[in-house]
Amino acid sequence: MSESDANTSKKEMLLEIRGLRIEGYSDENWTEIVHGVDLDLHRGEILGLIGESGAGKSTIGLAAMGFTRDGCRISGGSIDFEGMDLTTASPDELASLRGAKIAYVAQSAAASFNPAHRLIDQHTEAPVHYRIKKRLESQEDAMELYHKLRLPNPKEIGFRYPHQVSGGQLQRAMTAMAMACRPDLIIFDEPTTALDVTTQIEVLAAIRDIVDQFNTAAIYITHDLAVVAQMADKIKVMLRGEEVEQAETAKMLEEPEEDYTKSLWSVRSYKRQQKPRPSGTTPVLSVQNVDASYGEIPVLQDVSFDIYAGMTVAVVGESGSGKSTTARCITGLLPPTSGKVLFNGEELPSDYKARSKDQLRQAQMIYQMADTALNPKVKISEIIGRPAYFYRGLRGAELKKRVDELLDLIELEPADYYNRYPPELSGGQKQRIGIARALAANPSFIICDEVTSALDQLVAEGILKLLDRLQKEFNLAYMFITHDLATVRSIADEVVVMRQGKIIEQGPKNEMFTPPHHPYTDLLLSSVPEMDPEWLTTVLEERGVDNIGEGALKKT
Amino acid sequence: MSDVLKIIAKRLGLGFVTLLVISVIIFSAVEMLPGDIAEAVLGQGATKENVAAMREQLGLDRPAPVRYFEWLGNALTGDFGQSLVSQKPVSGAIAERFANTLFLALYAALIAVPIAILLGVLTALWRNSLFDRVANVATLTSISSPEFFLGYILILFLSVKTGYFPSLAKISADMTLWEKLDRMFLPALTMVLVVVAHMMRMTRSAIINLLASPYIEMARLKGVPGWRIIVRHALPNAWAPIINVIALNLAYLVTGVVLVEVVFVFPGIGQMLVDSVTKRDFPVVQACCLIFATTFILLNLAADVGAILTNPRLRHPK
């Protein structure tokens, strides 16, 4: 995909941003969140915009359409799109660009399609509004685009409502919708972040293909370096509203200049030694032949695995594969329909209400969304102190000592955090509080449900290191639920692969990551994007264009 | 579709149970009214023998539960007993009055609901503008004034001073529809003024609540004009709360009209209820209360069903 320098300079300039400053309104003050950013984009060129959350990527992406979210305003600089300055253009002039000349693909297609209308009616809305096409013409064009994006039943799928279509398909339908007026520029705002790896690869291939076919320019916003490496001609790295550096994709990957960029690149190198099972002991947790169902619908079938003290078992699989349901069975929130859960060799009552306080204490949970898992109106000291009081009856000075101890363990200064509330903390700090709350009960087993997937990579690495240290210190057993195979590679001792409520394969990590694999494990592994810019091309050649996602399974 | 039918059947069943509970409450409430009904009906000069005879005639000498089931059984077949005052069957007297009340409620609803929704959409579209503020202040003023006060103000300005409309809403069966509508205009307008504010504000806030959602942002980024975003993208997803408030207000139009009927001397069921309470005509009171309860339950049921039907997930299952 990359172009040579000589080639790009000949191309016509499409978007030219100079000294863009954007302010956000918070605490009754306007504070600057984007500090003078320059950006050039030629026709047919794809720019990757990467950085952690809060870097201002989406804000800049939207500003390229002359749009700011409520509570934001453009305070300086110019945005020149085909000779029109979007910062001074009238609302009518801006509206006539949007959808027609510049289109947008949002992160969550499920939330960005209107639930009340059929896909195709939403697709034809812009072309019909701009009188570019008649409704029927536009519908036919939509079907053509659906076909190009390799959606199943392209003639029929548009007549479904958003809730009747899967996430990956919706994301492609949204790309088709962005293409409806054949815009000159499309802003892709994290279009695959919410998808499973096997679905992500389908969407990436489809987007790359169609952008190429129509020679559309694009700004591709993401925090995933490997993804942007597949898509972009050049990459711009952002940090807290400022540009860190920009270079052509290949150059950026091979020899980044700035330290911050290098630190981003190195995140994935964190790896922990794999531990063997301790010999001659009973497993801390043993799940034996568990079946479970939600009402009439069976969700788990014959799930069995063991977790030994001091070990991390990663449970991987796509959304809907039954990972979190297994955790609910273990904690007793969802009593299994058959099978049993043993704890240190003793069978646990299937319903948590029937378990003793001590049994409850032994198994704790850390959740994915620290934001919603912590009560925003309760002090940190109380959040951590409550399980210590509930399970161990600590109070007064003893309780305070214990809370201080726990805050020390999670590397937060007790004096500074004791009296604060969750909304005052950053995402990583909140997740640390979640860990301290789980530790407060002195458990021997912790379920970590996607604990790092909502965090930026650097922060996530900090959390993984902390969990590793705590495991060594207290000989904890972890059940680590995740869909991110990079995380599994770095911290797991054993891996359990789940699909459609069944265990497909399980074993020590090293074995699982070296061939031969079960075909599904193989599909999962080979779908994880790699930093190599040629990776997607190679995978597509290996699998063939029609067997990209789940299709690759049927072939084998 | 079978899912929807199942939900409707379940709600209907629940509604029926609610109605049974309410019938118990109504019966016991009348039972607990202070004083002896027979004495009250006969007046202070009645002799002991007369009172005893009256009690026997009314069946008051039998235990309450027996009378309750008798009353309930008859009520289920549409027989609400005889009025103590007029000695005529209650159902006949009520039917005519109730039809009048329903007619007035329908009249007011046909004006109020479209106006409220239109105003709600417009205030959402031009939110925080002068129009939004004027509409809010005006409707809040009208909802904050007591109905009888509003009624008299309307009579003063639209009838006494200008003579546009008749001040008395006495109607009879032999009038033409046009005549009836003309006579009933002022009471209907009074009720419109009372209910519009609530529905309008709910429409406005239900729409504005949705404006921050990603699909509205998406519509904006597609270049969809403002009015179309409100009408086509926000409104279809905002119906559920709006329908609920409409149903509550429709129920109010039927059951809350007592004061308006008194002010305009309108022969509706509300006036009849007030008369019967003062005259201790308890079969009529019970019947009226039961009808009001049924209206409330049915309208709420309709709102539930309406809200369900506006949900595309239920209308178009996977």
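Residues numbered from 1 in each chain as written. Chains lettered and ligands numbered in written order. Predicted model: local features only at pLDDT ≥ 70, side-chain atom pairs only at ≥ 80, totals over all residues. Heavy atoms only, no water.

Asker: Quick one: what's the story with the overall build of chain B, residue by residue and with numbers?
Answerer: Regarding its fold elements, chain B presents 15 helices and 0 strands. In terms of principal-axis extent, the alpha carbons of chain B reach across some 85 × 60 × 35 Å. Burial statistics for chain B: of 318 residues in total, 44% are counted as buried. Accessible surface computed for chain B: about 16200 Å², of which carbon and sulfur atoms make up 68%. Each charge class in chain B was averaged separately, 26 positive and 20 negative side chains, and the resulting centres sit 16 Å apart. (Helix = DSSP H or I, 4+ residues; strand = E, 2+ residues; numbered from the N terminus. Buried < 20%, exposed > 50% of the residue type's maximum accessible area, 1.4 Å probe, protein only. Areas by Shrake-Rupley, 256 points an atom, 1.4 Å probe, with all protein chains shown as cover. Lys, Arg positive; Asp, Glu negative; His and termini not counted. Charge placed at Lys NZ, Arg CZ, Asp CG, Glu CD.)

Asker: A description of the pairing of strand S19 (residues 494–499) of chain A should follow, citing residues and the corresponding values.
Answerer: Residues and elements named next belong to chain A. Among the 6 residues that make up S19, 5 are buried, leaving the element largely enclosed by the rest of the structure. The sheet contact formed by strand S13 (residues 312–316) and S19 spans 4 bridges and is parallel. When the bridges of S19 are listed, Val313 appears paired with Glu494. Across 6 bridges, the pairing between S19 and strand S20 (residues 502–508) is antiparallel. Bridge assignment links Val496 to a residue of S20, and that residue is Gln506. (Pairing = 2+ DSSP bridges.)

Asker: Requested: an account of a nonpolar patch on the surface, with residues and values cited.
Answerer: Together, Phe148, Phe149, Tyr152, Ile153, Leu156, Phe157, Val160 and Leu259 of chain B make up an exposed nonpolar region whose accessible area comes to about 740 Å². Element by element, the count of residues in the nonpolar patch is highest for helix H7 (residues 147–160) of chain B, at 7 residues. (Patch = residues over 30% accessible without salt bridge, like charges linked within 9 Å, V, L, I, M, F, W, Y side chains within 5 Å. Salt bridge = Lys/Arg side-chain N within 4 Å of Asp/Glu carboxyl O.)

Asker: Describe the nonpolar core, and please don't skip the residues or the numbers.
Answerer: Core analysis: the largest hydrophobic core is formed by 89 residues, its most contacted members being Leu15, Tyr146, Leu185, Ile187 and Ile219 of chain A. Considering each element in turn, this core owes the most residues, 8 residues, to helix H8 (residues 197–213) of chain A. Not counting residues up to four positions away in its chain, the partners in contact with Ile219 of chain A are Leu15, Leu39, Leu41, Leu47, Leu49, Ala64, Leu185, Ile186, Ile187 and Phe188 of chain A. Among the nonpolar cores identified, the runner-up in size contains 79 residues, and Val51, Val113, Ala169 and Ala238 of chain B belong to it. (Core = buried A, V, L, I, M, F, W, Y, C linked by side-chain atoms within 4.5 Å. Contact = heavy atoms within 4.5 Å.)

Asker: Tell me about the domain arrangement of chain A, and please be specific about residues and values.
Answerer: The domains assigned to chain A are domain 1 (14–98 + 233–264) and domain 2 (285–514). Averaged C-alpha coordinates put domain 1 of chain A and domain 2 of chain A at centres separated by 38 Å. (Domains from an automatic or database assignment.)

Asker: Could you give an account of the environment of Leu412 of chain A, with specific residues and numbers?
Answerer: Residue and element names in this part refer to chain A. Its location among the elements puts Leu412 in the loop between helix H16 (396–409) and helix H17 (414–417). When its relative accessible area of 7% is taken as the criterion, Leu412 is described as buried. Separated by 103 residues in the primary sequence, Leu412 and Pro515 place their C-alpha atoms 42 Å from one another. Not counting residues within four places of it along the chain, the set of residues in contact with Leu412 comprises Leu407, Tyr417, Gln429, Arg432 and Ile433.

Asker: Describe in detail the packing of H8 of chain A against helix H23 (residues 535–543) of chain A, supporting the description with residues and values.
Answerer: Residue and element names in this part refer to chain A. In the contact formed by H8 and H23, the axes pass within 11 Å of each other and the chain directions differ by 105°. Between H8 and H23, the interaxial angle falls into the category roughly perpendicular. Note on element contacts: H23 touches H8 through Trp535, Leu536, Thr537, Val539, Leu540 and Arg543, opposite Ile201, Leu204, Ala205 and Arg208. Looking at the contact of H8 with H23 residue by residue, the classes come out as 7 nonpolar, 1 polar and 2 charged. (Axes fitted to C-alpha atoms, helices over the stretch in contact; angles between N-to-C directions. Parallel < 35°, antiparallel > 145°, perpendicular 65-115°, else oblique. Nonpolar A, V, L, I, M, F, W, Y, C, P; charged D, E, K, R; others polar.)

Asker: So what about unusual backbone geometry? Which residues, and what values?
Answerer: Residues and elements named next belong to chain A. A positive phi angle, near 45°, is found at Glu82, a position not held by glycine. Take Glu82: it is sitting in the loop between strand S4 (72–81) and strand S5 (84–85). One non-glycine residue, Glu190, lies in the positive phi region at around 50°. For Glu190, the position within the fold is in the loop between strand S7 (185–189) and H8.

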